[in-house]
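# Structural description and commentary
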Amino acid sequence: MKINKVVFPVGGLGKRFFPITRTIPKEMLGIIDKPLIHYAFEEAVAAGIEEFIFVTRRGKDSIEDYFDYMLTNSEYFHIKTGSVCYVRQSEPLGLGHAVLCAKNLIGNEPFAVVSADDLIVHEKSCIGEMIKHYNGSNMVASINVASAEVSKYGILDVAHETDKFLIAKSVDEKPSPKSAKSTHAIVGRYILSNKIFDVLGNLEPGIGGEIQLTDALLKMIPSCGLTGFKFEGKRFDCGSREGLLAAILHVANQSEALSCIIKNFYKGEI
Ligand code: UTP
């Protein structure tokens, strides 16, 4: 099935990066010379997506400025005029709320969501691979995490597992290691039925007082199903300082000029 639209939720506060994210959006933090949101956009373009919706908010104008430049003056992206649009999230009420803000721009079709703070590095576009395997159920990208880490993620309770897929019977946002049903965690790539907007619109705030996308996915399991996609590639949690640093080192290490700097650092020359 063709998925033509992607939502980039970029309305979060990025508290884990205070103070820099007081004035610079987390999604504009750099992996050497490109901001995180550049990689997310690139992944969506490589997936054949043609309409790009940013859910943005106060203080995030540099994202719009960046794409104004990228779409008109650079050799990076060649996409149709008018295919990028911005909708505001007036308050950071959670990822589920951010997705709900895109409702009027989606219409009657399934759509993709790509979170820029999950950087996934692979020759194949992760969201592109998910689109290829999309089967009509809500789909999330999934990785196996250490048991001590489950409380940072939405965790799938898996009824059936194959090489590529996890068929979930339930999902729980940020469970404790004791109560978690598995270590299969959701990371920031989704293909969602447009029916999710009705569910999100009627959802009470969940954990952290936020409208949680995971809670909507849970409510939709009986009608729509929920599939975890075991993607290929390296994923970096660039919403954390450790993950951002690891991503920068990984990308630098791919470049001859920059990997020398890393080697020199370990030799004690820097
Ligand atoms: P996170 O929960 O990781 O981001 O959301 P955050 O809230 O910005 O980060 P911390 O916890 O305060 O450090 C994942 C994605 O969802 C977006 C974020 O911008 C990020 O891309 N998001 C989150 C929104 O768009 N709106 C929100 O209200 C919350």
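Residues numbered from 1 in each chain as written. Predicted model: local features only at pLDDT ≥ 70, side-chain atom pairs only at ≥ 80, totals over all residues. Heavy atoms only, no water.

### So, the packing of aromatic side chains
Considering all chains together, one arrives at 14 aromatic pairs under this definition. Centre to centre, the rings of Phe-41 and Phe-67 are 4.6 Å apart; their planes meet at 40°, and the pair counts as tilted. With Phe-41 in helix H1 (residues 36-46) and Phe-67 in helix H2 (residues 61-73), this pair connects stretches of sequence that are 26 residues apart. Taken individually, Phe-41 and Phe-67 each receive the classification buried, so the pair is uniform in this respect. For the ring pair Phe-111 and Phe-197, a centre distance of 5.2 Å and an interplane angle of 5° mean the geometry is stacked. With a gap of 86 residues between them, Phe-111 in strand S6 (residues 111-114) and Phe-197 in helix H6 (residues 196-201) connect regions that are remote in the sequence. Through pairs of rings, three or more aromatic residues link up here, namely Phe-8, Phe-41, Phe-52, Phe-54, Tyr-66, Phe-67, Tyr-76, Phe-77 and Tyr-86. The ring of Phe-18 has Arg-22 lying over it, and the distance from NZ or CZ to the ring centre is 3.8 Å. (Phe/Tyr/Trp six-rings, centres within 6.5 Å; stacked < 30°, edge-to-face > 60°. Helix = DSSP H or I, 4+ residues; strand = E, 2+ residues; numbered from the N terminus. Buried < 20%, exposed > 50% of the residue type's maximum accessible area, 1.4 Å probe, protein only. Lys NZ or Arg CZ within 6 Å of the ring centre and 35° of its normal.)

### Quick word on the site of the ligand
Near the ligand there are 18 residues, and of these Gly-11, Lys-15, Glu-27, Gln-89 and Gly-94 occur at the shortest range. Taking Lys-26, its side chain carries an N or O atom lying 2.9 Å from an oxygen atom of the ligand. Within the backbone of Leu-93, a nitrogen or oxygen atom sits 3.2 Å from an oxygen atom of the ligand. For the ligand, whose accessible area on its own is 560 Å², the fraction buried by protein is 85%. A class-by-class count of the residues in the shell around the ligand yields 7 nonpolar, 6 polar and 5 charged. (Near = heavy atom within 4 Å. Polar contact = N/O pair within 3.5 Å; in protein donor to acceptor, adjacent residues only side chain to side chain. Areas by Shrake-Rupley, 256 points an atom, 1.4 Å probe, with all protein chains shown as cover. Nonpolar A, V, L, I, M, F, W, Y, C, P; charged D, E, K, R; others polar.)

### Remarks on helix H7 (residues 213-224)
Among the residues of H7, those classed as buried are Leu-213, Thr-214, Ala-216, Leu-217, Met-220, Ile-221 and Cys-224. One side of H7 holds all its buried residues, which, seen down the axis, span an arc of 160°. Those residues of H7 that are exposed and aimed more than 90 degrees away from the buried face are Lys-219 and Pro-222. Just past H7, the residue Gly-225 takes up positive phi, approximately 85°. (Arc of directions from axis to C-beta.)

### Description of the pairing of strand S1 (residues 5-9)
Burial analysis of S1 places 5 of its 5 residues in the buried class, the great majority of the element. What you see with S1 is no split at all: Lys-5, Val-7 and Pro-9 on one side and Val-6 and Phe-8 on the other are buried throughout. Here S1 pairs with strand S4 (residues 51-56) via 5 bridges, running parallel. From the neighbouring strand, Phe-8 faces S4, where its bridge partner is Phe-54. Sheet analysis places S1 next to S6, joined by 2 bridges and oriented parallel. Bridged to Val-7 within S6 is Val-113. (Pairing = 2+ DSSP bridges.)

### Observations regarding the pattern of salt bridges
Applying the stated criterion to the full structure yields 12 salt bridges. Here Lys-132 ties to Glu-129 by a salt bridge, and the two come within 2.9 Å at their closest N and O atoms. Of this pair, Lys-132 and Glu-129 both sit in helix H5 (residues 126-132), 3 residues apart, roughly one helical turn. For Lys-132, a relative accessible area of 64% corresponds to the exposed category. What makes Glu-129 buried here is its relative accessible area of 13%. One continuous salt-bridge network, built from bridges that share partners, spans Lys-5, Glu-51 and Glu-109. (Salt bridge = Lys/Arg side-chain N within 4 Å of Asp/Glu carboxyl O.)

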